[in-house]
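# Residue-level structural notes
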Amino acid sequence: MSDQYVLPAERLRELSDGNRMPVLGLGVWQVPDGRECENAVLWALEAGYRHIDTAQAYGNEASVGRALQSSGVPRDEVFLTTKFYPARKDPAEEIERSLERLGVDQVDLYIIHWPQGGSTWAWPGMERAHERGHARSIGVSNFSTSELEQVIGAASTPPVVNQVQFSPVEYRRGLLAACERHDVALEAYSPLGTGRHLRDRAVTSIAERVDRTSAQVLLRWCLQRDTIVIPKSTHQERIEENARIFDFTLSDEEMSELDRLDQTGGTEEARERKWW
Ligand code: A2P
């Protein structure tokens, strides 16, 4: 496998298992299966994204797979993530269904979507999926520091990623520090606050100052906080806009100004309100 060598080094993050992951991806949460999802993925690949993030629970893996195939981009140049739906029993079994829907032999990253029923029960099944070569890397999502540490304590193959809600307004400093301590990459979902943070006064004022859009400022903040970021959009011009974040830098003052938007108190929790 060539392993995303076509991307420049600054767009890749080396994970603790040695695999490399593009720091920008397209998230397809809440994108309905079908044309809308296929288009979003195709536009992202056209715009240079090489990382797509889906999940069993999203119900759109088949569209992601169709778009991947029709894009003509070689499979080994695209980093593909899916997530184990933890209402099911066996991650190793469920990934086989994901692979069928996606039309691929393996995913690049397979993560437990949320710690329903406890943080460790599903991990042996994740490790089985990894051993069988169905997932090149394995990780978790929506895990707090203590949940992450429980998995690490129980694991033979430790998680390499924790995907959590993360933005200047949800700047989970304690959780980010724990991830860094354990060599787990933090992946930021809802980096635009599902759109809400785009209108924040501090964000719009920095955007004006640096002559960028609010979305670009929020995404750039994530990159400069050393996280991987997966904005969602179904509009071609926004997908393109969200990829133009590698050609400018926020100053230390701008970063601190954004840091101050945090409403989590620098928490080690992954969610303020849980749905499980
Ligand atoms: P849409 O999909 O209609 O383009 P998040 O990534 O935090 O979940 O945010 C996703 C939300 O932000 C979606 O509602 C998406 O709308 C919107 N969005 C994504 N990128 C942009 C952008 N560049 N400008 C404005 N809105 C955006």
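Scroll up for the structure.
Our subject in this report is the structure included herewith. Only a predicted model underlies this, so the values are computations on that prediction, with no experimental measurement involved.

Okay, the packing of aromatic side chains next. If you walk through the whole model with that rule in mind, you get 7 aromatic pairs. Ring plane angle 80° and centroid distance 5.4 Å describe the contact between tryptophan 114 and tryptophan 275, whose orientation is recorded as edge-to-face. Of this pair, tryptophan 114 sits in the loop between β6 (107–112) and α4 (123–131) while tryptophan 275 sits in the segment after α10 (252–259); the two residues are 161 residues apart in sequence, bridging distant segments of the chain. We classify tryptophan 275 as partly exposed; its relative accessible area is 44%. On the basis of an interplanar angle of 85° and a centroid distance of 6.0 Å, the ring pair of phenylalanine 166 and tyrosine 171 is categorised as edge-to-face. Summarising the burial analysis for this pair, phenylalanine 166 and tyrosine 171 share the class buried. Three or more aromatic residues joined by ring pairs make a cluster, and in this case those are Tyr85, Trp114, Trp275 and Trp276. Sitting over the face of the ring of phenylalanine 248, arginine 220 holds its NZ or CZ atom 5.9 Å from the ring centroid.

Turning our attention to the side chain of glutamine 165. By the secondary structure assignment, glutamine 165 is in strand β8 (residues 161–165). A residue is classified by how much of its surface remains accessible, and glutamine 165, at 12% relative accessible area, is buried. In terms of polar contacts, glutamine 165 uses its side chain to reach the side chain of arginine 172, at 2.5 Å. Other than its neighbours up to four places away in sequence, glutamine 165 contacts Glu170, Arg172, Tyr189, Ser190, Arg271 and Glu272.

Definitions and cut-offs
- Residues numbered from 1 in each chain as written.
- Predicted model: local features only at pLDDT ≥ 70, side-chain atom pairs only at ≥ 80, totals over all residues.
- Heavy atoms only, no water.
- Phe/Tyr/Trp six-rings, centres within 6.5 Å; stacked < 30°, edge-to-face > 60°.
- Helix = DSSP H or I, 4+ residues; strand = E, 2+ residues; numbered from the N terminus.
- Buried < 20%, exposed > 50% of the residue type's maximum accessible area, 1.4 Å probe, protein only.
- Lys NZ or Arg CZ within 6 Å of the ring centre and 35° of its normal.
- Polar contact = N/O pair within 3.5 Å; in protein donor to acceptor, adjacent residues only side chain to side chain.
- Contact = heavy atoms within 4.5 Å.

The values reported here are purely geometric and, on their own, carry no functional implication.
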